Amino acid sequence: MRIIHADTDDLDNPLRGGQPVRTFEVNSRLAAEHEIHVLTASYKGAVKKMERSGVNYERLGVTIPGWGLSSHLSFLARLPAAIKRMPHDLIVEEFT
């Protein structure tokens, strides 16, 4: 199964909370049998795409210095287009 997991928070973001830890733990277990793509908001110094324990990560959006919500808002604005271009069977969306 091809799964897209949309989560505004990112495991590598220095300002992260606990949500991306759970996202990673669940997806790393599922990756043994499924193709997992996690879409997260960008942050300062973020790498655009990476793979971690069989889980593919892609950061969407931009960070505007001095405007704290810029990464989350631009992530939400770019999310529909990202989902449309990626083949998938299931979408999991975190409401943080």
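All figures in this text were calculated on a predicted structure; none of them were measured in a lab.

J.: Quick rundown of helix H1 (residues 19-30)? Include the residues and the values.
T.: Between its first and last C-alpha, H1 extends 17 Å over 12 residues, near the 16 Å set by a 1.5 Å rise per residue. Contact partners of the buried residues in H1: strand S1 (2-6), strand S2 (35-41), strand S3 (49-52) and strand S4 (55-60).

J.: Outline the side chain of Asp-9, supporting the account with residue identities and numerical values.
T.: Mapping Asp-9 onto the fold places it in the loop between S1 and H1. Residues in contact with Asp-9, not counting those within four places in the same chain, are Arg-16, Gly-17, Pro-20 and Thr-40.

J.: Mind laying out the sheet that holds S4, listing which residues take part and the relevant values?
T.: The strand order S3-S4-S2-S1-S5 describes an open sheet built from five strands, whose pairing is mixed. The open sheet is flanked by S3 and strand S5 (90-93), the only strands paired with a single partner. Ignoring which end each strand starts from, the neighbouring axes of this sheet average 20 degrees apart. By the bridge criterion, five bridges tie S1 to S2 in an arrangement that is parallel. Note that in S2 the partner of Ala-6 across the bridge is Leu-39. Across the sheet, helix H2 (residues 70-85) lies against S1, S2, S4 and S5, angled at about 150 degrees from S2, the strand it touches most.

Rules and cut-offs
Residues numbered from 1 in each chain as written. Predicted model: local features only at pLDDT ≥ 70, side-chain atom pairs only at ≥ 80, totals over all residues. Heavy atoms only, no water. Helix = DSSP H or I, 4+ residues; strand = E, 2+ residues; numbered from the N terminus. Expected span 1.5 Å × (residues − 1). Contact = heavy atoms within 4.5 Å. Pairing = 2+ DSSP bridges. Axes fitted to C-alpha atoms, helices over the stretch in contact; angles between N-to-C directions.

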